[in-house]
Amino acid sequence: MPAHDVLIIGAGLAGQRAALAAADAGASVAILSKVHPVRSHSVAAAGGINAALNPEDSWESHAFDTVKGSDYLGDQDAIEIMCREAPDEILWLEHAGVTFHRNGTGHLGTRAFGGASQARTYYVADITGQAILHVLYERLMMHGERISRYEEWFTTQLLQDESGACVGCVARDIRTGALEVFDAKSVILASGGAGQAFKPTTNALICTGDGIAQAYRIGAPLMDMEMIQYHPTTLAENGFLITEGARGEGAHLYNALGERFMEKYAPNKLELASRDVVSRAEQTEINEGRGFPDGTIALDITKVPRKRTLEALREIVNIGKDFAGVDITREPIHIRPGMHYIMGGVKTDADGQTPIPGLYAAGEVACVSVHGGNRLGANSLLDTLIFGRRSGDHAAARARGTAMPKSPASVLNDAQGEIDSILNRPTGGRRVSEIKNELGETMNRYVAVYRDAEGLATAHEIVRRLKDEAPNAAIDDKGTIFNQDVLAAVELGYMLDVAEATVMAAQERRESRGAQFRTDFPERNDADWLHHITVSKNGDGPALGTAPVTMTRWEPQERTY
Ligand SMILES: Cc1cc2nc3c(=O)[nH]c(=O)nc-3n(C[C@H](O)[C@H](O)[C@H](O)COP(=O)(O)OP(=O)(O)OC[C@H]3O[C@@H](n4cnc5c(N)ncnc54)[C@H](O)[C@@H]3O)c2cc1C
């Protein structure tokens, strides 16, 4: 039975950064991922990572932009930490070997991103996530003596001891189907977001909210779950992302009448207003009949010099050609707002600690909350690295004063019983994929850019029905080797938990703030709603609560761009 000081579930940027920090602090580390680590979703990150590194910029300016972007729901103490530590993290990455873009003078070069008062996004063309992830993975391999990698292992549940502390997990070796208990003194969840609960989404198939649901199921509160980011520029057919880097390089948005409509909605920042603002503007144009017949808006990247596009945006040149049949260097491409990111997640402090002793969370699975109601583009990679590192440090320190736990053998039998019950389901019922599609389409219809009480109530009713149906959903593959069918059935349960928490929190927040726009409560209402909404497990169902927003130096103001 594997036993480690620090067990990290997830090997994207948050998980790998946490592993390196914990190993550097002297801990024995296990890092576990349901896909090969460099196939983690972080590999898709395109446009870049924020830091106030230029002498004319300041961390305070970065922090204020982030607070304003969050619509004042972000916790300012955590935001200060993130923005203060950002420049050193970029330099650490650069020294580790990340080939950030350099400008004509040989210095690290930046591009502009939405909601930022300075161009402070550092990037590697439009493959920034891939470039960072590969460098971190090389470092993981260099730390082979301290870091054990469990690649293609799927965690099914977190384990607690009698005192309620988190002491490990159960995981399935995807290659063989064997279940194993992992004992650990500290456990860090770094299992990413839950975009697959929506259809379409920019997120990979693996983003199914596993860690969020697993933490919730053992009593960890979730926070800001109503805050779902719709990215302004995604392809209508399949949800593929056209990076904000395109607008950062100078691309414009037009409606079907040829109007550069952002002049109306954000006269100062135009296309580079924050994402919630741009997505709402686009959706308004579409809803009021000024979009194209396919329910889209035009993104005109021909404004960017062709040479620059081919050099700095080459991935979206390929996406345009391969998935929309459009040469973006010569003609506009049709886009619309699409589900992209969850601001909410497992509630943590700035060291990644959840209220469950021994359980940490970092990256998109977590809610620190540095993004509040709306994440600024290029602040997520930063969040994964800063809070991944801080969690790794803290988890290693905690492990030093903790005895190695030992889970009873019965845990494995129970876990195997649950897998067997999935394998033994009768065939012929509704399929997992059908339920997942209905969930995704429901969320995308009722819990999207614009919401109201009626739509949310419908979504809630459908999610509850799907929760009843899911335990009977049929699977075809009864084998042990790479059985994705059985994993999909488990993931469906996670997505339904996440969806239920999201819908309930959205119903609860009867105001409009950040990504939550309620057409029945169109104003921000600081008097009644300037607090976080939490969702915790109470018996079988979710219970709503509140948590205060931490303010340090920025009082809420009207938010205009
Ligand atoms: C197309 C796209 C482009 C983006 N571009 C940017 C950008 O330019 N800048 C920016 O700041 N942000 C960007 N983002 C957001 C950012 O990429 C993500 O928020 C971030 O990479 C999440 O990293 P993570 O480490 O938290 O999780 P992930 O990278 O998603 O990693 C999750 C890990 O958990 C593992 N895992 C999950 N469940 C289990 C389980 N049950 N058992 C075992 N392992 C499990 C997975 O295998 C994986 O290793 C982008 C997002 C998308 C979708």
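Residues numbered from 1 in each chain as written. Predicted model: local features only at pLDDT ≥ 70, side-chain atom pairs only at ≥ 80, totals over all residues. Heavy atoms only, no water.

As a further point, take the sheet that holds strand β11 (residues 228–234). Strand order in the open sheet formed by 4 strands is β11-β14-β13-β12, and the pairing between neighbours is antiparallel. For this open sheet the edge positions go to β11 and β12 (252–254), each flanked by a neighbour on one side alone. The mean inter-strand angle of the sheet, taken between neighbouring strand axes irrespective of direction, is 45°. Judged from the 5 bridges that link them, β11 and strand β14 (residues 333–342) form a sheet pairing that is antiparallel. By the bridge assignment, isoleucine 228 is partnered in β14 with isoleucine 342. (Pairing = 2+ DSSP bridges. Helix = DSSP H or I, 4+ residues; strand = E, 2+ residues; numbered from the N terminus. Axes fitted to C-alpha atoms, helices over the stretch in contact; angles between N-to-C directions.)

Quick look at the site of the ligand now. Surveying the vicinity of the ligand reveals 37 residues, the closest of which are Ser40, Ser42, Gly47, Glu364 and Ser380. For the ligand, whose free accessible area comes to 1000 Å², the fraction covered by protein is 98%. Contributing elements (two or more residues each) for the shell around the ligand: α1 (13–24), β2 (29–33), β7 (153–160), β14 and α11 (380–400). Residues of the shell around the ligand, tallied by class, amount to 15 nonpolar, 18 polar and 4 charged. (Near = heavy atom within 4 Å. Areas by Shrake-Rupley, 256 points an atom, 1.4 Å probe, with all protein chains shown as cover. Nonpolar A, V, L, I, M, F, W, Y, C, P; charged D, E, K, R; others polar.)

It is worth spelling out the pairing of β14 at this point. β14 sits mainly inside the fold: 8 of its 10 residues count as buried. With 3 bridges connecting them, strand β13 (residues 297–300) and β14 associate as antiparallel partners. Considered in β14, the bridge of alanine 298 is made with histidine 334. (Buried < 20%, exposed > 50% of the residue type's maximum accessible area, 1.4 Å probe, protein only.)

A few words on unusual backbone geometry. A cis amide bond links lysine 199 to the next residue, proline 200, at an omega of 0°. With respect to the helices and strands, the residue proline 200 is situated in the loop between β9 (179–189) and α5 (210–217). Of note, alanine 125 is a non-glycine position whose phi angle comes to about 40°, a positive value. Mapped onto the secondary structure, alanine 125 falls in the loop between β5 (121–122) and α4 (128–142). Phi is positive for aspartate 224, which is not a glycine, with a value near 55°. For aspartate 224, the location among the structural elements is in the loop between β10 (222–223) and β11.

Taken as a whole and judged by the stated rule, the model has 7 aromatic pairs. A connected cluster of aromatic rings, assembled from ring pairs, spans Tyr150, Trp153 and Phe182. Positioned above the aromatic ring of tryptophan 92, the side-chain terminus of arginine 17 is 3.7 Å from the ring centre. Over the ring of tyrosine 561 we find lysine 68; its NZ or CZ atom is 4.4 Å from the centre of that ring. (Phe/Tyr/Trp six-rings, centres within 6.5 Å; stacked < 30°, edge-to-face > 60°. Lys NZ or Arg CZ within 6 Å of the ring centre and 35° of its normal.)

Judged by nonpolar contacts, the single largest core of 80 residues is most densely connected at Leu7, Leu158, Leu359 and Leu439. The element best represented in this core is helix α15 (residues 484–508), accounting for 14 residues. Sequence-distant contacts of leucine 359, that is, excluding residues within four places in its chain, are made with Leu158, Cys166, Val187, Leu189, Ala215, Ile218, Ala220, Gly352, Gln353 and Thr354. (Core = buried A, V, L, I, M, F, W, Y, C linked by side-chain atoms within 4.5 Å. Contact = heavy atoms within 4.5 Å.)

Strand pairing in a sheet takes place through backbone hydrogen bonds and is either antiparallel or parallel in direction. Ordered by their spatial adjacency, 3 strands build an open sheet running β3-β5-β4, and the pairing between neighbours is antiparallel. Bordering the open sheet on either side are β3 (49–50) and β4 (110–111), each of which pairs with just one other strand. Bridging between β3 and β5 involves 2 bridges; their strand directions are antiparallel. Following the sheet pairing, isoleucine 49 is matched in β5 by tyrosine 122.

This brings us to the packing of helix α3 (residues 76–96) against α11. Across the interface, α3 lies against α11 with an axial gap of 9 Å and an inter-helix angle of 95°. For the element pair α3 / α11, the angle class is roughly perpendicular. Contacts from Ala78, Ile81, Met82, Glu85, Ala86, Glu89 and Leu93 of α3 reach α11 at Leu382, Asp383, Leu385, Ile386, Phe387, Arg389 and Arg390. Residue composition of the contact of α3 with α11, by class: 9 nonpolar, no polar and 5 charged. (Parallel < 35°, antiparallel > 145°, perpendicular 65-115°, else oblique.)

It is worth stressing that arrangement in space is one thing and function is another; only the former is reported here.
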